[in-house]
Structures are given as structure tokens and as C-alpha cells.
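Coordinate analysis (summary)
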Number of protein chains: 2
Amino acid sequence: MKKSKSRFNKVAIIGVGEIGGSIGRDLRRKRLAKEVVGVGRRRSSLLKARSVGAVDRITLSLDSGVKDADLIILATPVLRIVELGKRVAPFVKEDAIVTDVGSTKRYIVENLERIFSKRAAFVGSHPMAGSEKGGPLSATAGLFKEKACFITKTGRTDTRALRVIRQFWVHLGARVKEISPKGHDRVVAQISHAVHVIASSLVVSNRAALRHAASGFRDATRIALSDPAMWKDICLSNSREIAGTLDGFMRVVRRFKGAISRKDTARVLKMFDEARKLRRGIN
Amino acid sequence: MKKSKSRFNKVAIIGVGEIGGSIGRDLRRKRLAKEVVGVGRRRSSLLKARSVGAVDRITLSLDSGVKDADLIILATPVLRIVELGKRVAPFVKEDAIVTDVGSTKRYIVENLERIFSKRAAFVGSHPMAGSEKGGPLSATAGLFKEKACFITKTGRTDTRALRVIRQFWVHLGARVKEISPKGHDRVVAQISHAVHVIASSLVVSNRAALRHAASGFRDATRIALSDPAMWKDICLSNSREIAGTLDGFMRVVRRFKGAISRKDTARVLKMFDEARKLRRGIN
């Protein structure tokens, strides 16, 4: 790896769905790597990724895929990432840097830091990007521009690797936020994971009226269109934080409902008012 | 009123906010009325409405505003509509038709049908349109195009008035749906009112993580930006249906949470899958 500005000789992307594919497109477009290799289990997906310009070369072989790579990006569904890390660990270069793009971090980082403690260095990433479509054909140049990207820092994090991973995402245009894995999982339970559960519950519980839905309902439930298998995995790997977030949310809904049922005008107004003030703060 | 195609001599719009103002703009643009009179309590709002082309003439006087009008549209906040109906009733033409645009219908229709049973005829309307901004300066030509618009039908509904009101909204481009007031209030509790409570609760309960929010959270909570006073009124006038909807919603959230906490993979997958299928049905 060249010392100047995080340029890479070889980058291996394992899993060329929307996120992995979008990373590849940006790396190639911005000439941040001499070679981008796409690694996967299905040849059809790899061919699609190559056809949209996400990778230079494709392979079904994990070991030849990661061999000599300076940077290895694990971009599979979240529950496969740890297993994948175990399998590639023996083949990575001594000074390689490994990251992932999984939506939960505690489980992944605890395991992969251990796995990569002897060889290479691991730093977890979670770019907050991607649509409800998914798949290599959804790979988009510039997907990470202006988007938040969490990177994890722990007591075991290698300083150089952290700097390289930060610079990597900065090159892709992301707004990088360092956070502990536990802190990450709490934050994303609140702003993302539990929101998927809530949007899906809204759809299921109001099925009788769905055909009358207008734009407000559609916006509020758009994320219920996301890939069920992917979200099942995410929820299972962050179940405790999600459950806690849902409890806190239901407490507020019950307070709201109580005020509405009692026709407590002042209280209902205050709650809507508080919500609007807070929501305006992130507009 | 001319017999041909619901054209009006004089239309009075009481309350020239986003909805009232948008109706006025369409009536004038499509030449559906010879004269559109804006009636309100605040001269400043009326002047704004006139400046955006929503009305031909403005007045602060209710009785001169509705005098000789073929069609009277009550477009104030929902809790003022019944009171307003009472006040204008003595001044309306014998054969005038009165409608409103309030977001709840049972309370309004029960009262206004009684009030207008001797003179004129009342049919409730609820166009599902409008932004979170509100106010006369948000009045938009074509706002109702392709939007759903409920009109109420009861045992007391005048057939001619129902036909005229239907035709009126069809001229404005809306997809008209006839419904009972009770049926309406249940449907909108599910697809709109409770959704506002839920979106607002999401914002309030996750305030600590808001600064990290990405597009999914923003979309899901956009309606929390709506006018608190307006939504307070709507919730109070449809409290029972909203409370029931919130209960049904929380039952599903608890089931979801239980499956996630138990790590019941199959069940979590099934719930996300069911939600996606249902949500796709309204895309």
C-alpha cells in the first residue's frame, strides 16, 4: 500500500450487493485502488457486479480473492460476516486491513477483533446508505456521499487501521463518526432497527385500511419494503437494544394514547409540539 | 346554480389555509365558479389568499360571505367547523349545498346534518391532501389531483347534494370514495391519525439518537412536522378510533418484539415478509 492518501493496490470486496457494489464503483471511478476484486458465492451476482462496473475481476474463491489484498471489505448479510472472517483469516496478508459494512457492530467487532488480532487489523464500519431494493444492480456511484458512516473504536483498535478506514470513507464522501460498538448498536436500534419493526407493524396492524393509504402513510412505512431476510438477521443480532428501544417507544405511545383518551388538550398539544421541535432539529 | 356539470355562481370558502386556498385556486383556474369569496377572521390571511389567486373577493363577515352562495366550504380547523356551521346556517340560501374538509367526519356530519336539515343540504368531505406546512401561502393549484377524497353518505344525505359534491371533487381531479362517517373515522385513524401519534412518539422516545438519523428515519417521521394544534384537534375529535388503532398496533409491536427477544428466526422473518407483501400492495 502506498503511504500517500490511502490508495490501495488490491481491494477485495466479499459480497457484491448494493453496498459492496457501490463501494467498488466508487473505488474504480475515483482510482483509489489499482484492482478491485469481487468475491462471492454466486457467479450470476458477480457477473452482474462486473457488468455495472463495480469490480475489475471476479472470483468464487475466498482464498485467492483475499490473497495479497491491502484492504478486505466484508459486505455480506450481517449474520454471515463473522463466519466469513474466520474463513478468510488464514489467507490475508500480515499487514492487511479488514473492515465490514454490517448494520450491527457489537457481535461482529468482538469476534473479528479476536480473529484478526494476530494477522491483519480489523475496524468495523457501518455506512448508513442503501435502498430497500438491494442487489448488485442497485450499486450506485456516489452512494455514500454526504451519508453518515460509523466506524468502531475499541481498546484493541489499531491506530493506523482506524486512520486508513476513516480516510477510505472520507474519500467516498461519507461523514465519518467514530463510536464504540455498544454505542453504535444502541444508536442504530433507535434510528433504524426499531423503526423497521414499527413501520412493518403499522402495515400489518392496519391491513384493513391499506387501500386508502395516502402519502403520509406511504412515507412512514416505506422501509417496510426492505429485504425481510436481511432485517431478520439485523434484528436477531441486535435483539436486546431493539427490545429496549421498542419498550421506550411504547411507553411514549401509551402516554400519548392516555392523553388523547382523557381528552387532555394541553398534554396532547404539548406532545405534538415537542415532537415537531425535535424533528425540526434534524431537518 | 346552472344545471350543467356542477358549475357555480358563487362559492364561499370559509378558512383560506392550504386546503381552502388550494380549492379556490382550482375553482378559479378551471372556471368552475363565477365568483370565489374567501371568508376568514384574520384580514392578513385573507390578503395572502387573494395574493396567491385563491379567491376573487374577501370578507371578514360570515353572513355576507355565505349570502347567495350556491356552495359553501367550511375549511377551518376541525374543532371549529360545527360551531361555524351553526353560525352561518341562518344566512345560507334555501338550496345551497354545504360541505367541509375536516379530517374527522362522525362528529362533524352528525351535527351539521342536523343543523342543515331545514335549510340547504350538507355532505361531508375529507380530501387526503396537504403538506405539513399549511397556511394560505401553501395553497397549490392541482393539489387534489389523483388524491383520495372521502365524501360521506348517511341515511339523511340529500341525493342531489351528494352528486354535486362528488362532481365537485372529480372536477378538482380527486379520486372520490363514498363512505359512512363512522367507517371514515376508523379508516383515517388507521392510515393517518394514529400514524401521526406513532411518528411523533418515535421522535420523542429516540431523542438521544436523533442527530444520527438517516433518510429512513426522516421519511418515517416527516409527518411529525405537521401543525401540533391541528393534530391535537383531530385526535380529540376521533379519540376512540385512534386509541383502538394504537392498541392494535401495539399488540403487533409486542408480538414482533417477543419474536426478536426469543430469537424466533422463522417468526421474525414471517412478520417482515408479511409486512413487505402488504406494503407492496399499495405501492
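It should be noted that the structure appears before, not after, this text.
Please read these numbers as outputs of a predicted model, since none were measured by experiment.

All names here are of chain B. Along the chain, the position of Val109 falls in helix H5 (residues 106-115). Each C-alpha atom, one on Val109 and one on Ile19, is 19 Å from the other, the two residues being 90 residues apart in sequence. Discounting chain neighbours no more than four positions away, the residues touching Val109 are Phe122, Gly124, Thr152, Thr154 and Pro181.

Attention now moves to the relation of the copies chain B and chain A. In the superposition of chain B on chain A (RMSD 0.0 Å, axial shift 0.0 Å), the rotation amounts to 180°. Such a turn and shift between the copies fits a two-fold axis. Closest approach to the rotation axis within chain B is made by the C-alpha atom of Ala220 of chain B, at a distance of 1.8 Å. When the interface residues of chain B are mapped onto chain A, 100% of them again fall at the interface, so both copies present the same face.

Moving on, we come to the interface of chain B and chain A. Each partner contributes residues to the interface: chain B has 75 residues there, and chain A has 75 residues. Put simply, chain B and chain A have 6 salt bridges between them. With its nearest N and O atoms 3.9 Å apart, the salt bridge here joins Arg222 of chain A to Asp219 of chain B. Connecting chain B to chain A are 18 residue pairs in polar contact (both at pLDDT 80 or more). Every element with two or more residues in the side of chain B that touches chain A is listed here: helix H7 (181-205), helix H8 (215-221), helix H9 (228-237), helix H10 (239-261) and helix H11 (265-280) of chain B. No other element matches H10 of chain B, which puts 16 residues into the side of chain B that touches chain A. Grouping the amino acids of the side of chain B that touches chain A by side-chain chemistry returns 41 nonpolar, 16 polar and 18 charged.

This next bit is on the side chain of Ser237 of chain B. All names here are of chain B. Relative to the helices and strands, Ser237 is located in helix H9. A relative accessible area of 16% means that Ser237 is categorised as buried. Within the local environment of Ser237, its side chain forms a polar contact with the side chain of Thr104, the two groups lying 2.9 Å apart. The contacts of Ser237, once residues within four sequence positions are left out, are Val78, Leu79 and Thr104.

Cut-offs applied
- Residues numbered from 1 in each chain as written.
- Chains lettered and ligands numbered in written order.
- Predicted model: local features only at pLDDT ≥ 70, side-chain atom pairs only at ≥ 80, totals over all residues.
- Heavy atoms only, no water.
- Helix = DSSP H or I, 4+ residues; strand = E, 2+ residues; numbered from the N terminus.
- Contact = heavy atoms within 4.5 Å.
- Least-squares fit on C-alpha atoms with pLDDT ≥ 70 in both.
- Salt bridge = Lys/Arg side-chain N within 4 Å of Asp/Glu carboxyl O.
- Polar contact = N/O pair within 3.5 Å; in protein donor to acceptor, adjacent residues only side chain to side chain.
- Nonpolar A, V, L, I, M, F, W, Y, C, P; charged D, E, K, R; others polar.
- Buried < 20%, exposed > 50% of the residue type's maximum accessible area, 1.4 Å probe, protein only.

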